[in-house]
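Architecture at a glance
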Amino acid sequence: MHTDLHELLRSLRVWDPRVTELPPFDPAAAPDTPLPLFEGWFAQAVAAGEREPHTMSLATTDEDGDPDVRIVMLHGADAEGWSFATHATSRKGRALDAHPYAALAFYWPVLGRQVRVRGPVTSAPAPESQADLHARSTGALAAALTGRQSEALGSLEELRQASEAAWVQARENPAAPSPTWTLYRLRPEQVEFFQGDPQRRHVRLEYRRTGQAWSRGLLWP
């Protein structure tokens, strides 16, 4: 059955009150630095039942200067920055090598919230990257050991065979190394917190780093 895309789009609603609560946000009460606010919002998203709140969009610029974006998993956020991981030889790994600057975006529709982060990206030392990998699940290790991310794939059968071999290796040796697996950290220079409002008077609070200090201000929605 054919469904008209435009009719389907018109039938959808943003922030349906049956599943979304738009909490008030007073930017005057926000902390002086963005990390504590992010940690609080993240915990509230989890408590509100947001599905996969640790997933985020990662935007990069490739070797030719063209933009790209994909969904990845947040591995942590601390004084060193927001962290994620991938193969250094993957498409995003190559992009980060060419242009080590990126942007992240979190969207938590159950609370009508977004968080956007921009800044330079550095890679962690190999021992730390491998420790990050081995702290994850067997499936994550198997996927990393399968390797060849972003390369052309001849067939799904080829993938199945490589994946099965990697699963065996991951189960038999949970400390198996994946040399190209790299933990990356984005050191934020700008962090924006967006809180949706039912009257469309959305609150946008932006933090900007200058040296080691942070300033903050409001943005028009």
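Note that the coordinates shown come from a computational prediction; the quantities given were computed from them, not determined experimentally.

**Topic: the pattern of salt bridges**
Under the criterion given, the structure shown has 11 salt bridges. With a closest N to O distance of 2.3 Å, Arg185 and Glu128 form a salt bridge. On the criterion of sequence distance, the pair formed by Arg185 in strand E7 (residues 181-186) and Glu128 in helix H4 (residues 126-134) is long-range, its members being 57 residues apart. A salt bridge links Glu158 to Arg148; the shortest N-O distance between them is 3.4 Å. Remark: Arg148 occurs in the loop between helix H5 (138-146) and helix H6 (156-172) and Glu158 occurs in helix H6; sequence separation between them is 10 residues. Taken together, the salt bridges that share partners define one network made up of Arg116, Glu192 and Arg204.

**Thoughts on the nonpolar core**
Of all hydrophobic cores here, the largest spans 27 residues; its most connected members are Phe84 and Val115. Going through the elements one at a time, helix H2 (34-47), strand E1 (55-61), strand E4 (81-87), strand E5 (101-108), strand E6 (113-123), E7, strand E8 (190-195) and strand E9 (203-210) are the ones with two or more residues in this core. The biggest single contributor to this core is H2, with 5 residues. Excluding residues within four positions of it along the chain, Val115 makes contact with Phe38, Trp41, Leu104, Ala105, Phe106, Trp108, Val191, Glu192 and Phe193. Counting residues in hydrophobic clusters, the runner-up holds 12 residues, among them Ala124, Leu133, Ala142 and Ala176.

**Structural notes on unusual backbone geometry**
Within the chain, Trp15 stands out as a residue other than glycine whose phi angle is a positive 55 degrees. Along the chain, the position of Trp15 falls in the loop between helix H1 (5-11) and H2.

**What to know about H5**
Buried residues of H5: Ala140, Leu141, Ala142, Ala144, Leu145 and Thr146, and no others. Where H5 ends, the next residue or the one after it, Gly147, has phi of about 65 degrees, a positive value.

**With respect to the pairing of E4**
Among the 7 residues in E4, 7 count as buried, and that is most of the element. Two elements, strand E3 (residues 76-78) and E4, share 3 bridges in a ladder whose sense is antiparallel. Its bridge partner lying in E4, Gly76 is registered against Ser83. Following E3, the chain reverses through 2 residues before pairing antiparallel with E4.

Each value, and the rule that gives it
Residues numbered from 1 in each chain as written. Predicted model: local features only at pLDDT ≥ 70, side-chain atom pairs only at ≥ 80, totals over all residues. Heavy atoms only, no water. Salt bridge = Lys/Arg side-chain N within 4 Å of Asp/Glu carboxyl O. Helix = DSSP H or I, 4+ residues; strand = E, 2+ residues; numbered from the N terminus. Core = buried A, V, L, I, M, F, W, Y, C linked by side-chain atoms within 4.5 Å. Buried < 20%, exposed > 50% of the residue type's maximum accessible area, 1.4 Å probe, protein only. Contact = heavy atoms within 4.5 Å. Pairing = 2+ DSSP bridges.

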